[in-house]
Amino acid sequence: MSIKGIQQNVQIGELMKDFVEQTVQFYNTLDVQPVYRPASKAIYKCMEEQSIPAYGRPVQEVYSEMLQNIYTHAFLAQHPRSFACIPSTASLLSWMGDVMINAYNPHASCRINAPIADLVEKKLIRWMCSLAGYPEKSGGLFVSGGSIANLTALTAARDCNLAYNERNRAVVYVSEQTHSSVTKGLLIIGFCKEQIRAIPTDSRFRMDINRLRESIGKDLLDHRKPFAVIASAGTTNTGSIDPLMDISKLCHTYGMWMHVDGAFGASALLSEQLKDKLSGIEYSDSLSWDAHKWMLQTYGCSAVLVRDQSVLIKSFASHPEYLKDSEIYPGSIEFWDLGPELTRPARGLKLWLTLQVMGSRNMGKIIEHGCALANFTEMLLRERPKWEIISPAQLGIVNFRYVPDVHANSHDIDTINSEISRKITNSGFAQIFTTELRGKKVLRMCTINPETTQNDIRGTIKELERFARALS
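Q: Can you walk me through the nonpolar core in this structure?
A: Within soluble globular proteins, side chains that are nonpolar generally end up buried alongside one another. Counting residues in each nonpolar core, the largest one holds 56 residues, and the members touching the most others are Leu 212, Ile 247, Leu 287, Leu 305 and Leu 351. In contact with Leu 287, not counting residues within four places along its chain, are Ala 132, Tyr 134, His 259, Val 260, Gly 262, Ala 266, Ile 281, Ala 303, Val 304 and Leu 305. If you look at the next biggest cluster of nonpolar residues, it comprises 28 residues, including Val 143, Ala 149, Ile 189 and Trp 257.

Q: Help me out: how do you make sense of the pairing of strand S1 (residues 139-143) in this one?
A: The side chains of a regular strand alternate, residue by residue, between the two faces of the sheet. Among the five residues in S1, five count as buried, and that is most of the element. The two faces of S1 match: Gly 139, Leu 141 and Val 143 on one face and Gly 140 and Phe 142 on the other face are all buried. As paired elements, S1 and strand S7 (residues 302-306) share five bridges and run antiparallel to each other. Each bridged residue has a counterpart across the sheet, and for Phe 142 the counterpart in S7 is Ala 303.

Q: Where do I start with the sheet that holds strand S11 (residues 440-446) in this structure?
A: The strands that make up a sheet are held in pairs by hydrogen bonds between backbone atoms, and each pair lies either parallel or antiparallel. In space, the four strands of this open sheet follow the order S8-S9-S11-S10, with antiparallel pairing throughout. The open sheet has two edge strands, strand S8 (387-394) and strand S10 (433-437), and neither has a second partner. Each strand of the sheet is rotated relative to its neighbour by a mean of 35 degrees, with strand direction disregarded. In the sheet, S8 pairs with strand S9 (residues 397-402) via five bridges, with the strands oriented antiparallel.

Q: I tried to follow unusual backbone geometry on my own but got confused; where do I start?
A: Across the chain, the bulk of peptide bonds are trans and the bulk of non-glycine residues have phi less than zero. Even without being glycine, His 223 reaches a positive phi, approximately 65 degrees. As for its placement among the helices and strands, His 223 is situated in the loop between helix H8 (209-221) and strand S4 (225-232). Judged by its relative accessible area of 62%, His 223 is exposed. At Leu 296, a residue that is not glycine, the phi angle is positive and equals roughly 70 degrees.

Q: How should the pattern of salt bridges be read in this particular structure?
A: Any two side chains of opposite charge can pair, given that their charged atoms come close. Applying the stated rule across the entire model yields 24 salt bridges. One network of salt bridges, with partners in common, ties together Arg 57, Glu 61 and Glu 65.

Q: Looking at this model, I keep getting lost on helix H14 (residues 410-427). Mind explaining?
A: Each full turn of the α-helix corresponds to 3.6 residues, which orients residues three or four apart in the same direction. End to end, H14 covers 26 Å across 18 residues, agreeing with the expected 26 Å (1.5 Å per residue, within 8%). Of the positions making up H14, those classed as buried are Ile 413, Asp 414, Ile 416, Asn 417, Ile 420, Ser 421, Ile 424 and Thr 425. In a view along the axis of H14, the buried residues occupy a sector of 165 degrees, so they form one face of it. Contacts from the buried residues of H14 go to S8, S9, S10, S11 and helix H15 (454-471). If you check the start of H14, you find a side-chain oxygen 3.1 Å away from the backbone N of His 411, and it comes from Asn 409. Positive backbone phi, at 90 degrees, marks Gly 428, one or two positions downstream of H14.

Q: Help me understand the sheet that holds S7, please; the structure alone is not making it clear to me.
A: The mixed open sheet is built from seven strands, whose spatial order is S1-S7-S6-S5-S4-S2-S3. Bordering the open sheet on either side are S1 and strand S3 (196-199), each of which pairs with just one other strand. Averaged over all adjacent pairs, the angle separating strand axes in this sheet is 20 degrees, with direction ignored. Examined bridge by bridge, strand S2 (residues 170-175) and S3 share four bridges and lie parallel to one another. Each bridged residue has a counterpart across the sheet, and for Val 174 the counterpart in S3 is Ala 198. Here helix H5 (residues 115-131) sits on the sheet in contact with S1, strand S6 (286-290) and S7, set at roughly 115 degrees to S1.

Q: Would you mind showing me how to read the packing of helix H12 (residues 349-358) against helix H13 (residues 360-382) here?
A: Relative orientation of the contacting elements H12 and H13 amounts to 95 degrees, with a least axis distance of 7 Å. When the axis of H12 is compared with that of H13, the two are roughly perpendicular. Taken together, the residues of H13 that come into contact with H12 (itself represented by Thr 354, Leu 355 and Met 358) are Ser 360, Asn 362, Met 363 and Ile 366.

Q: Mind showing me how you'd approach the pairing of S6 here?
A: Extensive coverage of S6 is indicated by the burial of five of its five residues. Here S6 shows no split at all, with Ser 286, Ser 288 and Asp 290 on one side and Leu 287 and Trp 289 on the other all buried. Pairing of strand S5 (residues 257-261) with S6 involves three bridges; the strand directions are parallel. When the bridges of S6 are listed, Asp 261 appears paired with Ser 288.

Q: Would you explain helix H4 (residues 92-104) in this entry?
A: Between its first and last C-alpha, H4 extends 18 Å over 13 residues, near the 18 Å set by a 1.5 Å rise per residue. Tucked inside the fold, the buried residues of H4 contact helix H1 (3-28) and H12. Taking the backbone nitrogen of Leu 93 as reference, a side-chain oxygen 2.9 Å away marks Ser 91 as the first, capping residue of H4. Asn 105 sits one or two positions beyond H4 and adopts a positive phi of about 50 degrees.

What counts, and at which threshold
Residues numbered from 1 in each chain as written. Predicted model: local features only at pLDDT ≥ 70, side-chain atom pairs only at ≥ 80, totals over all residues. Heavy atoms only, no water. Core = buried A, V, L, I, M, F, W, Y, C linked by side-chain atoms within 4.5 Å. Buried < 20%, exposed > 50% of the residue type's maximum accessible area, 1.4 Å probe, protein only. Contact = heavy atoms within 4.5 Å. Helix = DSSP H or I, 4+ residues; strand = E, 2+ residues; numbered from the N terminus. Pairing = 2+ DSSP bridges. Axes fitted to C-alpha atoms, helices over the stretch in contact; angles between N-to-C directions. Salt bridge = Lys/Arg side-chain N within 4 Å of Asp/Glu carboxyl O. Expected span 1.5 Å × (residues − 1). Arc of directions from axis to C-beta. Polar contact = N/O pair within 3.5 Å; in protein donor to acceptor, adjacent residues only side chain to side chain. Parallel < 35°, antiparallel > 145°, perpendicular 65-115°, else oblique.

This is how it looks when you write it as structure tokens:
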């Protein structure tokens, strides 16, 4: 390496030492920082006008710019008072794993390139399959997120359960609360919107099993082919769990594939108190499970699991001539045989590191903590007048709204709640977004961060009431 290259590497090392210290301090003081710090017009203007330099810039200058202009101005999804969407619960342990993995940058698609990383990821997949109640022939792989996990599973389902000439007659059943990535994935793999049935939900926003049964019967009479049911184990809006056992029986009766979108809710399998809520998941054919939602991982760590690993091989295995030298382990199944990626990072190693340090029981207690906080939030809101619970606490999520007057019209109520969300989020104290349930604009809190306390909940509700009173 050239002298200039060595000098730059030394400088990078010094900057990264500083960055590690700053990051640890950042996490240690996260609770006293604002959830959101908007960027000024000047910073927007500066970054918008910036171009790619022909000959580069000093690394110290670019490093400082990234810290000051880019990373500082973003919602802190890992903040203990970030309650919007499914917030990040990222741990420094996962970040540590990220840094180490990215530093060594193993090519983790096949055993020959990183044999121990391959072993660790396969053992983790086996462990997750066992938690789901899958048999020995099950398997899967780590992918970038729930969207790709759903897409991978649905591709395998199509190739396993449908002849090519049956595809245009096939029908897929989702609920009104199913995550949008499922529909997106179905469209990508060749289905059209007319083949997707959105089944209504019951009073707790779970797929209505009777309406599902009726829809299947109607499609059979119309000479369609009921192909798959996508059940949810923890919907994004309400944390609802579809009736998994009943759905599995219907799928068995009609020969349909059962996929469970367990992106965040599948983590309840780690809790002795909560895992029974997912009873029936063991009969599913495939499962998506995001470790970066409720298992403390930084983004990019999700798993797709299947009851029979051979279905993934059928859809994705490819053996071109330039990979022949890697096929030195007879009978070995490589990760590039199980999904759409050829080159892939060792996404599971940071989860392995986290679990080795924490242990699975402590991870289960984190799941229970998040659910208990949602129950606590609901209890406090029910004690206060003018607050209405729209969807009770389920898997760490509760939905509610402020109703200033029983005679207020729905448009005014929606406007007030949207404004409450905007004001508390812009204040920097907490991040709360709205969603819509049964045509109502509601406030939604997801309380799954392990660092969130009851005082955080009390303080947030106090702020919500302050903004609500000012608007009514």
